[in-house]
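Notes for the structure review
What follows is the residue order along each chain.
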Amino acid sequence: MASIFKRKNKKGTTYYIQYYYNGKRYRDKVGRNHEEAQMRLGEVVRKIETGQFSLYSDAPISDLIKHFRESLHADAHSESYEKRLGSIFNNLWRYFDAERIKSVKQVDYPLLDNYITHRINNEGIAPKTANMEIDILKNLCNFGVKHRYFLESPAKELKRKKLKKAEPRYFSNEEIELLFENAGQYEAFFMVLLHTGLRGSDAGNLRWSDIDFDKGFIRIITEKTDRRITIPINKTLERFLMDSGTETPKLFPKLDTDRKRNNVRLYIQRVLREAGYEWKRVGCHTFRHTFASHMVINGASIYDVQKLLGHKSITMTEIYAHLSENATRRAVDLIDFNPKAVSNAELNSEVNKKEVV
């Protein structure tokens, strides 16, 4: 049953509509106009009867995005993720303004699909960036369904873009030697990156309490995946850390933010460029590729590397698989079934023994 009722106060009369949806009663404040209340109630009843009703479909799109972002802030995220999230929503707002999108009911699949297409074709974003934005749009719309802004997600048909799996570039032995010769204040940081494969954010926030020198392990919860990983530390790194201890809780308090670590990236680029090495993209993450690549080259299994890097899926680690050719060659060489290695006389002897028995 749906109805209109009114309440009076010193300022005058205010009209409300009352209706039932999925067994629950709802009351909405309309205003001081009775005819407006009638029209609103009629629209709500019609949408409920035709299956087109959503509690907040008339809400401003800004309300949905604000509500969604508040829910994200409830969880701890890395500085880089927060920065990336802010950039994504700034781009989305700019597009919505250009298309004059003001309310939730204006958001549909064609709009979101056109937005991603515009970002790729007109603004030149990479497929990887497009996939990050698609994931955010899906999460936003799923949140909208859960909180009754949408009846169903307008982003559910968005398809992630296919990525070309480029082989990871890693430092050669000569480049590693060059970097350490010029490491200066970053020497200890380079050592940790190279010997653990940690992401720059995790290495920059590493605490002495994360290191168990007695058992020879580093145990941390990664910022990006929020997963706990355990990394063995070899004697070389152990001795280096013990010799270069600091009195601060963190090993690298001057490198514990993305902004601070950006100086490291620029420094690496300058050292390599001045030595004549050509790199399109290089930075702290290149040490992670180097750690994984050299492990595989020297015979470590992809599964061991996956565990050490903290990858959720083995497919993420398979970009290093092409480097394991020598390891697979050594594995195959362990098997040697050669019937010609046994002479005919030896074979006859063995047959005769069996016949006698």
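See above for the structure.
The structure reproduced in this document is the subject of the present report.

What counts as what
Residues numbered from 1 in each chain as written. Predicted model: local features only at pLDDT ≥ 70, side-chain atom pairs only at ≥ 80, totals over all residues. Heavy atoms only, no water. Helix = DSSP H or I, 4+ residues; strand = E, 2+ residues; numbered from the N terminus. Buried < 20%, exposed > 50% of the residue type's maximum accessible area, 1.4 Å probe, protein only. Contact = heavy atoms within 4.5 Å. Areas by Shrake-Rupley, 256 points an atom, 1.4 Å probe, with all protein chains shown as cover. Expected span 1.5 Å × (residues − 1). Polar contact = N/O pair within 3.5 Å; in protein donor to acceptor, adjacent residues only side chain to side chain. Pairing = 2+ DSSP bridges. Axes fitted to C-alpha atoms, helices over the stretch in contact; angles between N-to-C directions. Core = buried A, V, L, I, M, F, W, Y, C linked by side-chain atoms within 4.5 Å. Phe/Tyr/Trp six-rings, centres within 6.5 Å; stacked < 30°, edge-to-face > 60°. Salt bridge = Lys/Arg side-chain N within 4 Å of Asp/Glu carboxyl O.

**Details of the overall build of the chain**
Scanning the chain for helices and strands turns up 15 helices and six strands. A burial count over the chain gives 38% of its 357 residues as buried. When contacts within the chain are restricted to residue pairs at least 6 apart in sequence, long-range pairs at least 24 apart make up 57% of them. Accessible surface, the chain: about 22700 Å² in total, of which carbon and sulfur atoms supply 49%.

**What to know about helix α1 (residues 34-50)**
Given a rise of 1.5 Å per residue, 17 residues ought to cover 24 Å, and the 24 Å separating the end C-alpha atoms of α1 matches this to within 8%. Its buried side turned inward, α1 meets β1 (3-9), β2 (12-21) and β3 (24-31). You can read the cap of α1 off the contacts: a side-chain oxygen lies 2.8 Å from the backbone nitrogen of Glu35, and it is on Asn33. A positive phi of about 75 degrees marks Gly51, the residue just after α1.

**Structural notes on the sheet that holds β2**
On the basis of which strands lie adjacent, the open sheet formed by three strands has the order β1-β2-β3 and antiparallel pairing. Because the sheet does not close on itself, it has two edges, and the strands there are β1 and β3. Between one strand axis and the next, the sheet turns by 30 degrees as a mean value, whatever way the strands run. Bridge analysis of β1 against β2 gives seven bridges, and the strand direction is antiparallel. Across the sheet, residue Lys8 finds its bridge partner in β2, namely Thr13.

**Looking at unusual backbone geometry**
The backbone phi angle of Arg100 is positive, close to 60 degrees, even though this residue is not glycine. Take Arg100: it is sitting in the loop between α3 (79-98) and α4 (109-121).

**Some details on the sheet that holds strand β6 (residues 228-232)**
The strand order across the open sheet formed by three strands is β4-β5-β6, and the pairing between neighbours is antiparallel. Of all strands in the sheet, those bounded by a partner on one side alone are β4 (211-212) and β6.

**Comments concerning helix α7 (residues 187-196)**
When you tally the buried positions in α7, you get nine out of 10 residues, the bulk of the element. By the burial criterion, the buried members of α7 are Ala188, Phe189, Phe190, Met191, Val192, Leu193, Leu194, His195 and Thr196. Looking one or two residues past α7, Gly197 carries a phi angle of roughly 75 degrees, positive in sign.

**Observations concerning the nonpolar core**
Core analysis: the biggest nonpolar cluster contains 45 residues, and Phe171 and Ile268 have the highest contact counts within it. Taken together, the elements giving at least two residues each to this core come down to α6 (173-181), α7, β5 (217-221), β6, α9 (235-243), α10 (258-274), α11 (284-297) and α12 (302-309). In terms of residue count, α7 provides more of this core than any other element does, seven residues in total. If sequence neighbours within four positions are ignored, Ile268 has contacts with Phe171, Leu179, Phe190, Val282, Gly283, Cys284 and Phe287. By size, the runner-up hydrophobic cluster in this structure holds 31 residues, among which are Ala59, Leu64, Val107 and Ile125.

**Re the packing of aromatic side chains**
In total, this model carries 12 aromatic pairs according to the counting rule given. Ring geometry for Phe189 and Phe252: centres 5.1 Å apart, planes at 75 degrees, overall edge-to-face. In this pair, Phe189 sits in helix α7 while Phe252 sits in the loop between α9 and α10, placing the two residues 63 residues apart along the sequence. Taken individually, Phe189 and Phe252 each receive the classification buried, so the pair is uniform in this respect. Through pairs of rings, three or more aromatic residues link up here, namely Phe171, Phe180, Tyr186, Phe190, Tyr267, Trp279 and Phe287.

**Digging into the environment of Glu99**
Inspection of the secondary structure puts Glu99 in the loop between α3 and α4. As for Glu99 and Leu111, which are separated by 12 residues in sequence, their C-alpha atoms are 9.0 Å apart.

**Comments concerning the pairing of β5**
A regular strand places its side chains on the two faces of the sheet in alternate fashion. Of the two faces of β5, the one holding Ile218 and Ile220 is buried and the one holding Phe217, Arg219 and Ile221 is not buried anywhere. Both β4 and β5 contribute to a ladder of two bridges, which runs antiparallel. Within β5, the residue paired with Asp212 across the bridge is Phe217. Here β4 hands over to β5 after four residues, with Gly216 in that stretch at a positive phi of 75 degrees. Sheet analysis places β5 next to β6, joined by five bridges and oriented antiparallel. Residue pairing in the sheet places Ile218 in a bridge with Ile231 of β6. Linkage of β5 to β6, two consecutive antiparallel strands, is achieved through a turn of six residues, within which Asp226 is found at a positive phi near 60 degrees.

**Topic: the pattern of salt bridges**
As enumerated under the stated definition, the model contains 11 salt bridges in all. For Glu175, the salt bridge is made with Arg169, and the minimal N-O distance between the two is 3.9 Å. With a relative accessible area of 4%, Glu175 lands in the buried category. On the accessibility criterion, Arg169 (42% relative accessible area) is partly exposed. Among the salt bridges present, the one from Asp256 reaches Lys250, with a minimum N-O distance of 3.3 Å. Asp256 sits in the buried class, given a relative accessible area of 19%. Shared partners join several salt bridges into a network, and the residues in it are Arg94, Arg119, Glu123 and Glu133.

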